[in-house]
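Single-letter residue listing:
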Amino acid sequence: MKAFHTIKPKTSSNSTNTPKSLQGIWITILVTLSVIFIPLSQAIAAAVKWHPGHYYELVGQGSKSDSSYLNKVYSELQTHPTLRGVVIRYQWGELEKAKSDYNFTVVAKRLSEVAAKKKRLIVLIETKSTTPDTKQTLVPAYAKSAEYDGGIYQFKSGQGEGYGTKLWDPQIRDRMIALVQALGKRFNNEPYFEGIGFSESAMGRPIKHITSAQANSYYNNLLSINKALKTSFPNTLSFQFLNYPRDLLPTFINTFKQNGSALGNPDVFLEDPGLHFPGTKYAYPGVYTYYPKLSGKIPLVVQIEKANYLNTRHDNTGFKPSVNQLFNFARDELQVNYVFWTRTPNYYPKVLELLNFKAQKANPSGGLKSVCPSVYSSCVQ
């Protein structure tokens, strides 16, 4: 079937002739028609929702259900127009209570709340976490059985110990693919559901030894899940936070260049040697080196979290950067389209101050790159 083309790519996030009161209706129509007329095998030809700029990332496992916390967040969204929406983290076990028994009510409720304020929702699914209480919900209860090899593994990292999903297990892979397919069926057509992606690729240092075959399967399966994610969300920004291992970055990035997924990163470290590594004859470059080369070609995403507010290096041997320095690096060096600012206590007021500057308020993308990526045939704004 011939692809149904919607609108031509726009070159500016504020270049539109559609009255604001009708934009939501047209976005719904265009996205729905795109899904109907474009086969999944041609998902890259779909009209993709495109609202680049600054997003607020909620902090704390309980924050996404705390009405007092959420009311403060929503108030700040309203008083700071440069904030285009929120990023909320979920674990697989929160969304699938029993096998194939999906409960997306928590996501739908947050979506309806932000949509009522003309803001947007981005979902970040965690495949690993250093937060102790997420061990219970990182994977569903059924996936912790022997049939799924226990579902989770324990690892060490610079932040201490944590738990990760055993993505090397083929049954875990298949169940996660089923999850993203169910999510896509429910949310891809929603005009204010802006994006969905996975947490960092680095698996940490497993406390219990894993084989090289398991490590290889972990990343092969992660790539398969990302492919399924993009197929399930043809009209929605999909992304993967990539940092390590460096030798696998080209494989993921080449896939993203083909299917329209976004390159993401979980950190903005101004001086971190691993992320900035230029590469040698014998070693692959760090992920930051790929960003400017991909600007305008595929979507680019970055997260600014607590550790980034505190130091310019992962090992804490650098200096404490200003919020302006973090923003300038993301905008000028990485040339990103989306920035996820974690609402870290003592730091988010400085973020809000930055976003209130005239330069950031001059356009909807808050000074970030807003051109529709060439990998998309069209963007819906």
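Residues numbered from 1 in each chain as written. Predicted model: local features only at pLDDT ≥ 70, side-chain atom pairs only at ≥ 80, totals over all residues. Heavy atoms only, no water.

### Describing the pairing of strand β6 (residues 120-126)
Put simply, the rule reads: Here the term buried applies to any residue with accessible area under 20% of the maximum for its type, exposed to any over 50%, and partly exposed to those in between, with areas from a 1.4 Å probe on protein chains only. Counting from the N terminus, the helices are DSSP H or I runs at least four residues long and the strands are E runs at least two residues long. Should DSSP find at least two bridges between two strands, the strands are taken to pair.
The element β6 is largely enclosed, with a buried count of 7 among its 7 residues. Burial along β6 is two-sided: R120, I122, L124 and E126 facing one way and L121, V123 and I125 facing the other are all buried. As paired strands, strand β3 (residues 83-91) and β6 are joined by 7 bridges and run parallel to one another. Within the sheet, the bridge partner assigned to R89 lies in β6 and is L124. Direction of pairing for β6 relative to strand β10 (residues 193-198): parallel, over a ladder of 5 bridges. Across the sheet, I122 pairs through a bridge with G195, a residue of β10.

### As for the packing of helix α5 (residues 170-187) against helix α6 (residues 212-232)
This is how it is decided: Each axis is a line fitted through C-alpha atoms, taken for helices only over the stretch in contact, and angles between the N-to-C directions span 0 to 180 degrees. Throughout, the term roughly parallel applies to angles under 35 degrees, roughly antiparallel to angles over 145, roughly perpendicular to angles from 65 to 115, and oblique to all others. Should the near helix be turned counterclockwise from the far one by less than a right angle, the crossing is left-handed, whereas a clockwise turn marks it as right-handed. Residues count as neighbours in contact if any of their non-hydrogen atoms are within 4.5 Å of one another. Residues are grouped as follows: Ala, Val, Leu, Ile, Met, Phe, Trp, Tyr, Cys and Pro are nonpolar; Asp, Glu, Lys and Arg are charged; all remaining types, including Gly, are polar.
In contact at an axis separation of 9 Å, α5 and α6 are set at 15° when each is read in the N-to-C sense. Relative to α6, α5 is oriented roughly parallel. Between α5 and α6 the crossing geometry is right-handed. Contacts between α5 and α6 involve P170, R173, M176, I177, V180, Q181 and G184 from the former and N221, S224, I225, A228, L229 and S232 from the latter. When the residues that make up the contact of α5 with α6 are grouped by side-chain class, the tally is 7 nonpolar, 5 polar and 1 charged.

### Comments concerning the side chain of S199
As a reminder of what qualifies: N or O atoms closer than or at 3.5 Å make up a polar contact, with two conditions inside protein: a donor-capable atom paired with an acceptor-capable one, and, for residues adjacent in sequence, both atoms drawn from side chains.
Counting through the fold element by element, S199 comes out in the loop between β10 and β11 (205-206). Assessed through its relative accessible area of 4%, S199 is described here as buried. Within polar-contact distance, the side chain of S199 engages the backbone nitrogen of T127 at 3.0 Å. The residues touching S199, leaving out its near neighbours within four places in the chain, are L124, I125, E126, T127, K128, Q240 and F241.

### So, helix α12 (residues 348-355)
Note the following rule: Note that the arc is defined by the directions from the helix axis to the C-beta atoms.
Restricting attention to buried positions, one finds in α12 the residues Y348, V351, L352, L354 and L355. Looking straight down α12, one finds that the buried residues subtend no more than 160° of arc, so they occupy a single side.

### Some details on the side chain of N265
Looking at the secondary structure, you find N265 in the loop between β13 (262-264) and α8 (273-276). The exposure class of N265 is buried, given its relative accessible area of 0%. Aside from chain neighbours lying at most four places away, what touches N265 is F241, L242, N243, L275, V287, Y288, Y291, V301, V302 and Q303.

### Details of the packing of aromatic side chains
Stated precisely, the cut-off is as follows: Classification of ring pairs uses Phe, Tyr and Trp, with its six-membered ring standing for Trp, and accepts pairs whose centres are within 6.5 Å; under 30 degrees between planes counts as stacked, over 60 as edge-to-face, and the remaining range as tilted. Counted as over-ring charges are cases with an Arg CZ or a Lys NZ within 6 Å of the ring centre that also lie within 35 degrees of the ring normal.
For the structure on display, the rule yields 22 aromatic pairs. Centre to centre, the rings of Y142 and Y148 are 5.5 Å apart; their planes meet at 75°, and the pair counts as edge-to-face. Comparing Y142 with Y148, the two get one shared label, buried. In textbook terms, an aromatic cluster arises when at least three aromatic residues are bridged by ring pairs, as seen for W50, Y55, F239, F241, Y338, F340 and Y376. Stacked on the ring of F155, the Lys or Arg K128 has its end atom at 4.5 Å from the ring centre. Over the ring of Y69 we find R343; its NZ or CZ atom is 4.9 Å from the centre of that ring.

### Observations concerning the sheet that holds β6
Strands in a sheet are paired, the pairing made by backbone hydrogen bonds, and the direction either parallel or antiparallel. Taking strand neighbours across the sheet as the criterion, the 8 strands line up as β13-β12-β10-β6-β3-β2-β15-β14 in an open arrangement whose pairing is parallel. Edge positions in the sheet fall to β13 and β14 (301-304), since each of these pairs with one other strand and no more. The mean inter-strand angle of the sheet, taken between neighbouring strand axes irrespective of direction, is 25°. Pairing of strand β12 (residues 237-241) with β13, which is carried by 3 bridges, proceeds in the parallel orientation. The residue bridging F239 from the neighbouring strand is A262, located in β13.

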